[in-house]
Amino acid sequence: MDFGQIFAIIIGMIFVNNFVFARFLGLCPYMGLTKEMSSAIGMGMAVVFVMTLASMATWPVYRYFLDPFGLERILRTASFILVIAALVQFIEMVLQKVNPALYKAMGIYLPIITTNCTILGVAVLNIDTFYKDGKPLSGGFLGSTIQGFSAGIGFTLAMVLMASVRERMEMANIPKPLRGIPIAFITAGLMSMAFLGFSGLIKMT
Amino acid sequence: MSNWQTFKTGIFKNNPVFIVNLGLCPTLATSTSLRDAIGMGMAATFVLVGSNVIVSAIRRAVPHKVRIPCYIVVIATFVTIVELFLGAYQPDLYNALGIFLPLIVVNCIVLYRAEVFASKNGMASSLFDGFGMGLGFTCAVLLLAFIREGLGKGTLMGYPVIPGFSPTGIMVLPPGGFMTMGLLLGFFSWRKLRTKEHK
């Protein structure tokens, strides 16, 4: 895996295939936690952290346990969600002991991350990207770690953009029925239209 | 509440997508064509009904502290059944739904119904609740897909409807999905506000 490929993955996940604007993943926290900038940043950081670790955990599980024993179709979904749930619980415990300040900043977002579709989404996506016709590509572990990290950064970018717009929208005179989530969706539509401009920036294989 | 009322609440009064605002990701992602929408709706309904019944059956045996992991395992089992079934009999639909098929596991609607309804009620009413919520979700996806496919491709179920209509491609792209959803949510909250004023 050379530098060009790594760069393509990073740009692809942050801009071209942004999880929120191009793939419709993680819309529940995107709509629920972007009313304030602080919660948007906290959730974004927690997602980056968990997504990177989840990519690092699920790829070896698939590559060395499920695939060699022919269990990949039957146990993929169930084992991934259990690995992610255990991982999140573990992170919560470690963080509480090792770094209470960081735990205070993003601790409340950790439990809801387990059932967040971005994390399982990136785990499944790693398998789709780094497996060709049932054979693993070389550098899959590094690739999926980078893919998980940059997908998290892309998600955080979307959260921060939305939070900064919505904080100003509080003051605006919006028609009553559109207040709250409806206008947030329309704003997201405009943002995603802007992100369409990135498509074709790199050739996705 | 009778079973019929439980069933009806899921479709109209407590519609999971338009009223409770859950399960937004699969709603937007699979509403680019009516065919995908029907597939997604049926898959989610099957998982909802199955998991609701099993969760309701084991609700007294599961310790309170580990209930969420237990529910997730039950849900993941049903999702795997759907995945294997569609992969074997409907490979086109399986490929079209792609990543959103395994993601039914983390669809908030399924866990929400397990936690709020099935873990407190009997098996029969949980069955009807699952059907109602599943149909409510299916109706929401179908409504969105009807608008997006109709305007974005000028077709319904793949058949052209209005001759000479030039489609607006943006409706099947992500921005069209977000905007349609925003306007529909606005419409439903307008209706809610209006009924409140009339009272």
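In case you missed it, the structure is sitting above this.
Cut-off values and rules
- Residues numbered from 1 in each chain as written.
- Chains lettered and ligands numbered in written order.
- Predicted model: local features only at pLDDT ≥ 70, side-chain atom pairs only at ≥ 80, totals over all residues.
- Heavy atoms only, no water.
- Helix = DSSP H or I, 4+ residues; strand = E, 2+ residues; numbered from the N terminus.
- Buried < 20%, exposed > 50% of the residue type's maximum accessible area, 1.4 Å probe, protein only.
- Contact = heavy atoms within 4.5 Å.
- Buried area = accessible area lost by both parts, 1.4 Å probe.
- Salt bridge = Lys/Arg side-chain N within 4 Å of Asp/Glu carboxyl O.
- Polar contact = N/O pair within 3.5 Å; in protein donor to acceptor, adjacent residues only side chain to side chain.
- Patch = residues over 30% accessible without salt bridge, like charges linked within 9 Å, V, L, I, M, F, W, Y side chains within 5 Å.
- Areas by Shrake-Rupley, 256 points an atom, 1.4 Å probe, with all protein chains shown as cover.
- Lys, Arg positive; Asp, Glu negative; His and termini not counted.
- Charge placed at Lys NZ, Arg CZ, Asp CG, Glu CD.
- Disulfide = S-S within 2.5 Å.
- Axes fitted to C-alpha atoms, helices over the stretch in contact; angles between N-to-C directions.
- Parallel < 35°, antiparallel > 145°, perpendicular 65-115°, else oblique.
- Left-handed = near helix turned anticlockwise from the far one by under 90°.
- Phe/Tyr/Trp six-rings, centres within 6.5 Å; stacked < 30°, edge-to-face > 60°.
- Core = buried A, V, L, I, M, F, W, Y, C linked by side-chain atoms within 4.5 Å.

Asker: What's the story with the overall build of chain B in this structure? I'm lost.
Answerer: For chain B, the helix and strand inventory stands at eight helices and two strands. Order of helices (α) and strands (β) in chain B, N terminus to C terminus: α-α-α-α-α-α-α-β-β-α. The C-alpha extent of chain B, read off along each of the three principal axes, is 60 × 55 × 25 Å. Classification of the 199 residues of chain B by burial places 51% in the buried group. Here the contacts in chain B between residues at least 6 apart in sequence split such that 73% fall between residues at least 24 apart.

Asker: Mind showing me how you'd approach the interface of chain A and chain B here?
Answerer: The partner chain B presents 37 residues to the 38 residues of chain A that form the contact. Summed over both sides, the interface between chain A and chain B buries roughly 3200 Å², with carbon and sulfur atoms accounting for 82% of that surface. A per-residue breakdown of the area chain A buries against chain B is headed by Phe24, Arg73 and Phe185 of chain A, which together make up 21% of the total. Linking chain A with chain B are one salt bridge, by the criterion used here. Between arginine 76 of chain A and glutamate 83 of chain B there is a salt bridge; the shortest N-O distance is 3.2 Å. Where chain A meets chain B, there are three residue pairs in polar contact (both at pLDDT 80 or more).

Asker: In this structure, what is going on with a positive patch on the surface? I would like to understand it.
Answerer: A surface patch of like charges, here positive, comprises Lys176 and Arg179 of chain A together with Lys192 and Lys196 of chain B. Looking at the element boundaries, lysine 196 of chain B is found in helix 8 (residues 174-198).

Asker: Can you walk me through unusual backbone geometry in this structure?
Answerer: Of all residues except glycine, most have a negative phi; of all peptide bonds, most are trans. At phenylalanine 24 of chain A, a position not held by glycine, the phi torsion is positive, near 55°. Counting through the fold element by element, phenylalanine 24 of chain A comes out in the loop between helix 1 (3-16) and helix 2 (27-32).

Asker: What is the right way to read the state of the cysteines from this model?
Answerer: Disulfides are covalent bonds that connect the sulfur atoms of two cysteines. Residues and elements named next belong to chain B. Under the definition given, this model contains zero disulfides over all chains. Of the cysteine sulfurs around cysteine 139, a residue in no disulfide, the closest is that of cysteine 108, at 19 Å. Note on cysteine 139: relative accessible area 38%, which makes it partly exposed.

Asker: It is not clear to me how the packing of helix 8 (residues 140-169) of chain A against helix 9 (residues 181-196) of chain A should be interpreted in this structure. Could you clarify?
Answerer: In helix packing, the relevant descriptors are the interaxial angle and the interaxial distance, both defined with respect to the helix axes. All names here are of chain A. Contact geometry of helix 8 with helix 9 gives a least axis separation of 11 Å together with a crossing angle of 130°. Here helix 8 is positioned oblique relative to helix 9, judged by the angle of their axes. Judged by the sense of rotation from one axis to the other, the crossing of helix 8 with helix 9 is right-handed. Packed against helix 8, whose contacting residues are Leu157, Leu161, Met162, Val165, Arg166 and Met169, the element helix 9 presents Ile183, Ala184, Thr187, Ala188, Met191 and Phe195 at the interface.

Asker: Is there a simple way to explain the packing of aromatic side chains in this structure?
Answerer: Here a ring pair, both rings aromatic, is described through the centre-centre distance and the interplanar angle of the planes. Residue and element names in this part refer to chain A. Taken as a whole and judged by the stated rule, the model has 17 aromatic pairs over all chains. For the pair phenylalanine 3 and phenylalanine 7, a centre-to-centre distance of 6.2 Å together with 25° between the ring planes defines the contact as stacked. Of this pair, phenylalanine 3 and phenylalanine 7 both sit in helix 1, four residues apart, which is roughly one turn of that helix. Residue phenylalanine 3 is classed as exposed on the basis of its relative accessible area of 64%. Overall, the relative accessible area of 48% leaves phenylalanine 7 in the partly exposed class. Ring geometry for phenylalanine 195 against phenylalanine 198: centres 5.5 Å apart, planes inclined by 65°, an arrangement best described as edge-to-face. The exposure class of phenylalanine 195 is buried, given its relative accessible area of 11%. When its relative accessible area of 28% is taken as the criterion, phenylalanine 198 is described as partly exposed. Within the aromatic cluster, the residues linked to one another by ring pairs are Phe15, Phe21, Tyr30, Phe195 and Phe198.

Asker: Could you clarify how one ought to interpret the nonpolar core in this entry?
Answerer: Nonpolar side chains in soluble globular proteins tend to end up buried together. Core analysis: the biggest nonpolar cluster contains 105 residues, and Leu27, Tyr30, Ile113 and Leu120 of chain A together with Phe178 and Met181 of chain B have the highest contact counts within it. Apart from residues lying up to four places away in sequence, isoleucine 113 of chain A is in contact with Met43, Ala46, Val47, Val50, Val88 and Ile119 of chain A. Formed by five residues, the second largest nonpolar core is a distinct cluster that contains Met169, Ile174, Leu178 and Ile186 of chain A.

Asker: Would you take a moment to explain a nonpolar patch on the surface for this structure?
Answerer: A cluster of nonpolar side chains, contributed by Tyr64, Phe65, Phe69, Leu71, Ile74 and Leu75 of chain A together with Leu84 of chain B, occupies part of the molecular surface with about 700 Å² of accessible area. Contributing elements (two or more residues each) for the nonpolar patch: helix 3 (37-66) and helix 4 (72-98) of chain A. Mapped onto the fold, phenylalanine 65 of chain A is located in helix 3.

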